[in-house]
Each structure stands twice: as C-alpha cells, then as structure tokens.
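Structure assessment
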Amino acid sequence: MDDSVHVTAADVRLMQGLAQQVTALRPDLVSSGASYGELAWSWGKGRMSEGGSWRRELWFAAGEVAAWGWACLPHRVSRSDGSVKDVTGAGLAYQVHPGHSELVDEVIEWYDAVAAGSERTVLPCSGDTFGLERWAAHGYLTDPSSLGDTASWTQLNQRDLDELEAPVLPDGYRFRTAEEAGARAAVQAHLDAWAPSTYSAEAYEGVRQAPPYRGDLHVLVEAPDGTMAASTIMWLDEANRTAEFEPVGTHPGHRRRGLGRAMLLHGMRLARDAGARQMTVACLGAPGYRAARGLYYSVGFRKFTQDAPLVKSGA
C-alpha cells in the first residue's frame, strides 16, 4: 500500500513545523489551508470520514521538511442529517519553505500524478508571486468559482493582543470550556452551528488527538436553557506566540445576540494568558460574505493575506 494514503499525527507535526518556520520568516506566504491551526483542525475532524481519500508527500532538505503536499481525492462523505455528499474533484493544501521555492515544481508534478484524471484545485497564497507563476506554467488557471460576490476564496485576518476589550454576554449566558462541558456538548455545539456536517463524536476524538489541541482553549457559550449556543477552538503556536481561531460557529437560534463577538474577545484573552501575542482567523473574503468578516473586523482583525484558488481540468 502507498504509504502516502494515511496522514498521521506525526506527519501533521512535521507539516506544522514547516508552517511555523514560514510564519516566522514570511507570514505573507501562509495560506489559510496551510496554517498551523488549520492543519490540526483538518486532520482531526477529517481523519475518520475522509482519511481514506488523502495522499501526502514530504520533501526534505538537510534532514528537515522543506515542502509538503496533502491531496484529498474524490470521495463520498455522510452528513449529520443523513444525506451524503460526493466530492468529485481533488483538492490540495501545500507549503514550500521560502528558501527552497524551486520545490514547488515537484509538488505540482506529484499532485498532477496522484490526482490524474480528476479536476484539480489548489489554494496558493496570493502573495506568492513565484508559486503562482509556476502553477500557471503547469496549466492551472483562476478557478471560476472564486469570482463574483459569492466566490469561494478565503482571507486570513490577524490582530495583536496587546489591548483587548472586555467581553460582555447577554444575561443568563456564560462561558464554558470543553474540559468543563464535556465531549457530547462540544460535538453538539458544532453540529448545531454547521448543520448539515460530517462532524461526529469520532471526529471530535480526532480533534482532541491533533497537536496541539487543548481543552482549556476550546471555548463554548452556554445559554440559559443549557444549550451550547456558540463554540470555537484556539490553536496555540508557542514557537511564534500566535494563536488561531478554527472553527467559529453560533447556533442559528442564538445569533444576533453578540455571542460570537463576546466569545472571540474572551478567547483572545485566554490565548494571551497562554502566551500568544497575536491572533489569526480565516473567513470567506468575497463581497457577499459580510457577516463573518464584519464580526472579525468588529473585534480588531484586519485582512492580512488571501488565497488565490486555481483549477486544472481532469482531461
């Protein structure tokens, strides 16, 4: 069996190590799919439902990871409402150390080989001029779905944690952590916010095993009736003293009450107490997606980088 089929926790740690280096050297080259926190979240929640469709490759220089590629091939997943979803194309997350930019051609060639016959998408960072030129040279074009008011591209936002407004919850609501609320409550909070979803108790167990998950940095907002009305996980990168929100969600029956804003402010205070000096969060960046972007901007985040989605025909 091809040893690239299974993406292990050890693989994720190696990928995260490169993400930390790129964050320190060229943070403008960190795409939302290759960030320290996103790697943990993607692996944890997807390893049971999507892991069989994953392929990965690592490139080394002087004994350290200099590039990696993580492809997700066509597959079918079951969702919480009983429906199934067919993913008909391949997608790639990847990262290349800025000192080894020539490896991007090897990443592209590997992806074209492992996903041959499928439509292939990739999300390079818009600031990676060299990388974009190389993807174009291999026949990758701007993804049409990334154009227009409801396009699918993602932006990464950041802010410093030096000054933070005090969070205010409506009467009767209170902050909890996943350590306090327990696994069942944490899973239900996500399902309520993101239904229909592939999330499950097994997915949450994977998240808990993802480095560097911490239950005290997994925040929920409990409503007066005991419902977990909002939740988020913070992923702390101790080396760079940064933390990332991923995911952030609110129960549809509890929206427009300021819960998300209060939760973000509370979470940033927890992250700062844990040693972070800077916070990041990703969101859809197209003009039609104002709500989430406005929420993040309201607590001090500003756009830092964005993805440049590319696609290549499977022909």
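Calculation rules
- Each chain has its residues counted from 1, running along the sequence as written.
- The model is predicted, so local features are restricted to residues of pLDDT at least 70 and side-chain atom pairs to those at 80 or more, both for listing and for counting; the totals for chains, interfaces and linings are taken over all residues.
- As a rule here, side-chain values come from all non-hydrogen atoms in the structure, and water together with hydrogens is ignored.
- UniProt positions are given in the numbering used here, feature names are shortened, and annotations may be inferred rather than shown by experiment.
- Helix and strand assignments follow DSSP, with helices taken as H or I runs no shorter than four residues and strands as E runs no shorter than two, numbered in order from the N terminus.
- Cysteine sulfur pairs qualify as disulfides if the two atoms are within 2.5 Å.
- Relative accessible area decides the class of each residue, using a 1.4 Å probe on protein chains only: under 20% of the type maximum gives buried, over 50% gives exposed, and in between gives partly exposed.
- For two strands to count as paired, DSSP must find a minimum of two bridges between them.
- Note on definitions: a residue-residue contact is assigned when non-hydrogen atoms from the two residues lie within 4.5 Å.
- Structural elements are reduced to axes, namely lines fitted to C-alpha atoms, with helices fitted over the stretch in contact, and the angle between N-to-C directions of any two is expressed from 0 to 180 degrees.
- Here a salt bridge means any side-chain nitrogen of Lys or Arg lying within 4 Å of a carboxyl oxygen belonging to Asp or Glu.

What follows covers the UniProt feature "domain: N-acetyltransferase" (unreviewed entry) in the protein. In the numbering used here, UniProt assigns the feature "domain: N-acetyltransferase" (unreviewed entry) to residues 173–315. End C-alpha to end C-alpha, residues 173–315 measures 54 Å, and it is 34% helix and 30% strand.

Looking now at the environment of Glu50. Summarising the element assignment, Glu50 is placed in the loop between α2 (36–46) and β1 (54–61). For Glu50 and Gly215, which are 165 residues apart along the polypeptide, the C-alpha to C-alpha distance reads 24 Å.

Within the structure shown, the criterion is met by zero disulfides. Cys125 takes part in no disulfide bond, and the closest cysteine sulfur, belonging to Cys283, lies 14 Å away. For Cys283, a relative accessible area of 7% corresponds to the buried category.

This part covers the sheet that holds strand β6 (residues 120–122). Taken together, the six strands give an open sheet; going across it, the order is β1-β2-β5-β6-β15-β7, and neighbouring strands pair in mixed fashion. Both edges of this open sheet fall to β1 and β7 (141–142), since each of them pairs with a single strand only. Relative to strand β5 (residues 90–96), strand β2 (residues 64–72) runs antiparallel, the two being bridged by six bridges. The residue bridging Gly69 from the neighbouring strand is Tyr94, located in β5. Strands in contact with α2 are β1 and β2; relative to β2, the strand with the most contacts, it is inclined by about 45 degrees. Strands in contact with helix α3 (residues 104–114) are β1, β2, β5, β6 and β15 (310–312); relative to β5, the strand with the most contacts, it is inclined by about 160 degrees.

To continue, consider the pattern of salt bridges. The full count for this structure, using the stated rule, is 12 salt bridges. In this structure, the salt-bridge partner of Glu222 is Arg174, at a minimum N-O distance of 3.0 Å. On the criterion of sequence distance, the pair formed by Glu222 in strand β10 (residues 218–222) and Arg174 in strand β9 (residues 174–177) is long-range, its members being 48 residues apart. The exposure class assigned to Glu222 is buried, which follows from its relative accessible area of 12%. For Glu180, the salt bridge goes to Arg176, with nearest N and O atoms at 3.5 Å.

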